[in-house]
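# Summary of structural features
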Amino acid sequence: MSATKEELATKIDTTDWMSLRAHLERGGVIIVDHMLDLAEVAAAVANDEVKTVERWLLSGVLSKPSAEQIKAWDADSGKSFLCLIVSPYVLAQEERPAKG
């Protein structure tokens, strides 16, 4: 059974950095750039679309958190992220600040 983008979009949740950090130790956190749709990335990972995921990784729009990002987020532990679990990974996308 393949996961669809629409199905996964309904499962997007919000979490803070400290909750995500627990998954960091096991290498499970993947950061998704704002250029990508979180549900689309989750569907590609869930459906084992290796070439698509490799292309995103090579272009840097999909990555493990960098040491600089981790340091910044540790200093702002309440930083919020959109997240979607696609076992064994937690896909996370920084929430954009509200415009207003």
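- Looking at an unreviewed UniProt entry, one finds the protein named DUF2288 domain-containing protein and attributed to Geoanaerobacter pelophilus.

### Topic: the overall build of the protein
- Summing up its helical and strand segments, the protein has 5 helices and 5 strands in all.
- Reading the protein from its N end, one meets helices and strands in the order α-β-α-β-α-α-β-α-β-β.
- Against the 2.2 N^0.38 benchmark of 13 Å for 100 residues, the protein shows a C-alpha radius of gyration of 13 Å, consistent with a compact globule.
- Principal axes of the C-alpha set define a box for the protein whose edges measure 40 × 30 × 25 Å.
- Out of the 100 residues in the protein, the part that is buried amounts to 36%.
- Within the protein, residue pairs in contact and separated by at least 24 positions form 73% of the contacts whose partners lie at least 6 positions apart.
- As displayed, the protein offers around 6,200 Å² of accessible surface, 54% of which is attributable to carbon and sulfur atoms.
- The protein carries 11 positive and 16 negative side-chain charges, and their two centres are separated by 3 Å.

### Comments concerning the pattern of salt bridges
- Applying the stated criterion across every chain yields a total of 4 salt bridges.
- In this structure, Glu40 engages Lys5 in a salt bridge whose closest nitrogen and oxygen atoms are separated by 3.9 Å. Placement of the pair is Glu40 in helix α3 (residues 38-46) and Lys5 in helix α1 (residues 5-9), with a sequence separation of 35 residues.
- The exposure class assigned to Lys5 is partly exposed, which follows from its relative accessible area of 35%.
- Among the ionic pairs, Arg21 bridges to Asp74, the shortest N-O distance being 2.6 Å. Note that Arg21 is positioned in helix α2 (residues 17-24) and Asp74 in helix α5 (residues 67-75), a separation of 53 residues in sequence.

The rules behind each value
- Residues numbered from 1 in each chain as written.
- Predicted model: local features only at pLDDT ≥ 70, side-chain atom pairs only at ≥ 80, totals over all residues.
- Heavy atoms only, no water.
- Helix = DSSP H or I, 4+ residues; strand = E, 2+ residues; numbered from the N terminus.
- Rg over C-alpha atoms; globule rule 2.2 N^0.38 Å.
- Buried < 20%, exposed > 50% of the residue type's maximum accessible area, 1.4 Å probe, protein only.
- Contact = heavy atoms within 4.5 Å.
- Areas by Shrake-Rupley, 256 points an atom, 1.4 Å probe, with all protein chains shown as cover.
- Lys, Arg positive; Asp, Glu negative; His and termini not counted.
- Charge placed at Lys NZ, Arg CZ, Asp CG, Glu CD.
- Salt bridge = Lys/Arg side-chain N within 4 Å of Asp/Glu carboxyl O.

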